[in-house]
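# Working through the structure, step by step
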Amino acid sequence: MNKFLGYIFSPIFYLFFFLSLVIFQPIQWVFYRLFGYKAHKTSVDILNFFLTYCDIFLGSSITFINDHDLPLDRPIIFVANHQSMYDIPGLIWFLRKYHVKFISKIELTKGIPSISFNLKYGGGANIDRKDSKQAISEIIKLGRRMKDNTWSTMIFPEGTRAKDGNMKSFQVGGIATLLKIVPNALIVPVAIENSWKLVQYGAYPLSFGERLKWTVLNPIEPEARNPEVVVLEAENAIRAKLNQN
């Protein structure tokens, strides 16, 4: 039934999702060019509110749980599993007060309304996966911006999306590089559930009636520990939440 209803409601979802991207492209441009970072970030936050709640056109429920009083006066490295592109709007919206930046493929900085503009000017790291020196350099620059502005970063250490929801092993590289630049950053795991089900039939139809959920788990203090140990702890915490031990 969720596939059948997906055929009916996916066009409505895509219409409103695409309209949000198109409408906020000039809004972002104006806010960034005329009013600077804070105004631009506000426009991005509002955009991602609309992108997140476009999911209601697919009959999806949206749940975000954060029972932790995370600090605003130190950088945070959020570490999450990655299931689909629909993970991201909710992370940006619900974690907006932490100024979360992303490490993205450089190819995404062109051709996508609103998204490309934000990736280009929002303060994240846009890396060329074929050029390791460029990638490391961009992550180092991001770490410096985190340190200077008390920003946070969201990392998907699997390196790719888990299309069937089953987590892949976490890679350490990006987190280890950031911790060298921002050793006082707090590590915060985030478990994402069921967004892979939206695209289980492909781009069309999207699945109807899924229960999307983001859960912020117990923060981890790096305390000068080996990054491999810290990342494994974060991975195990997410696996436990998803019952994938």
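Above this text is the structure in question.
Now for a look at the structure at hand. (Residues numbered from 1 in each chain as written. Predicted model: local features only at pLDDT ≥ 70, side-chain atom pairs only at ≥ 80, totals over all residues. Heavy atoms only, no water.)

Take the overall build of the protein chain next. Summing up its helical and strand segments, the protein chain has eight helices and seven strands in all. Taking 2.2 N^0.38 as the reference for a compact globule, 245 residues should give roughly 18 Å; the C-alpha atoms of the protein chain span a radius of gyration of 18 Å, in line with that estimate. For the protein chain, the spread of C-alpha atoms along the three principal axes comes to 50 × 50 × 40 Å. Within the protein chain, the proportion of its 245 residues that are buried is 49%. The contacts in the protein chain between residues at least 6 apart in sequence include a share of 74% that link residues at least 24 apart. Surface exposure of the protein chain reaches about 12,100 Å², of which carbon and sulfur atoms provide 57%. A gap of 6 Å separates the mean positions of the 28 positive and 20 negative side-chain charges of the protein chain. (Helix = DSSP H or I, 4+ residues; strand = E, 2+ residues; numbered from the N terminus. Rg over C-alpha atoms; globule rule 2.2 N^0.38 Å. Buried < 20%, exposed > 50% of the residue type's maximum accessible area, 1.4 Å probe, protein only. Contact = heavy atoms within 4.5 Å. Areas by Shrake-Rupley, 256 points an atom, 1.4 Å probe, with all protein chains shown as cover. Lys, Arg positive; Asp, Glu negative; His and termini not counted. Charge placed at Lys NZ, Arg CZ, Asp CG, Glu CD.)

A separate point is the packing of aromatic side chains. A full pass over the atoms with the stated rule returns 20 aromatic pairs. A centroid spacing of 5.3 Å and a plane angle of 35° characterise the contact between Phe13 and Phe17, whose relative ring orientation is tilted. Of the two residues, Phe13 and Phe17 both sit in helix α1 (residues 2-35), four residues apart, roughly one turn of that helix. Note on accessibility: Phe13 and Phe17 belong to one class, buried. Among the aromatic residues, those joined into a ring-pair cluster are Phe24, Phe49, Phe50, Tyr53 and Trp93. Of note, Arg96 hangs over the ring of Trp93, and the distance from its end group to the ring centre comes to 3.7 Å. (Phe/Tyr/Trp six-rings, centres within 6.5 Å; stacked < 30°, edge-to-face > 60°. Lys NZ or Arg CZ within 6 Å of the ring centre and 35° of its normal.)

Here the focus is the sheet that holds strand β7 (residues 211-216). Read from one edge to the other, the open sheet built from seven strands follows the order β1-β7-β6-β2-β5-β3-β4, with strand pairing classed as mixed. Only two strands of the sheet have a single partner each, and these edge strands are β1 (61-66) and β4 (125-127). Looking at each pair of strands side by side, their axes are set apart by 20° on average, direction ignored. Bridge analysis of strand β3 (residues 100-105) against strand β5 (residues 152-155) gives three bridges, and the strand direction is parallel. For Val100, the partnering residue across the bridge sits in β5 and is Ser152. (Pairing = 2+ DSSP bridges. Axes fitted to C-alpha atoms, helices over the stretch in contact; angles between N-to-C directions.)

What follows deals with a positive patch on the surface. Where like charges cluster on the molecular surface, the positive patch consists of Lys105, Arg129, Arg161, Lys163 and Lys168. The topology assignment puts Arg161 in the loop between β5 and α6 (173-181). (Patch = residues over 30% accessible without salt bridge, like charges linked within 9 Å, V, L, I, M, F, W, Y side chains within 5 Å. Salt bridge = Lys/Arg side-chain N within 4 Å of Asp/Glu carboxyl O.)

This part is about the side chain of His82. Examined against the element boundaries, His82 turns out to sit in the loop between β2 (76-80) and α3 (87-94). Side chain to side chain, His82 and Asp87 meet in a polar contact 2.8 Å long. With near-sequence residues (within four places) excluded, His82 lies in contact with Asp87, Ile88, Phe156, Glu158, Thr160, Arg161 and Ala162. (Polar contact = N/O pair within 3.5 Å; in protein donor to acceptor, adjacent residues only side chain to side chain.)

To continue, consider α1. Along α1, the sharpest kink reaches roughly 45°, centred on Ile8 and followed within four residues by the proline Pro11. Buried residues of α1: Gly6, Ser10, Phe13, Phe17, Ser20, Leu21, Phe24 and Gln28, and no others. On its buried side, α1 packs onto α2 (37-53) and α4 (115-121). In the stretch just after α1, Gly36 is the one whose phi turns positive, near 90°. (Bend = angle between axes of the 7 residues up to and from the residue.)

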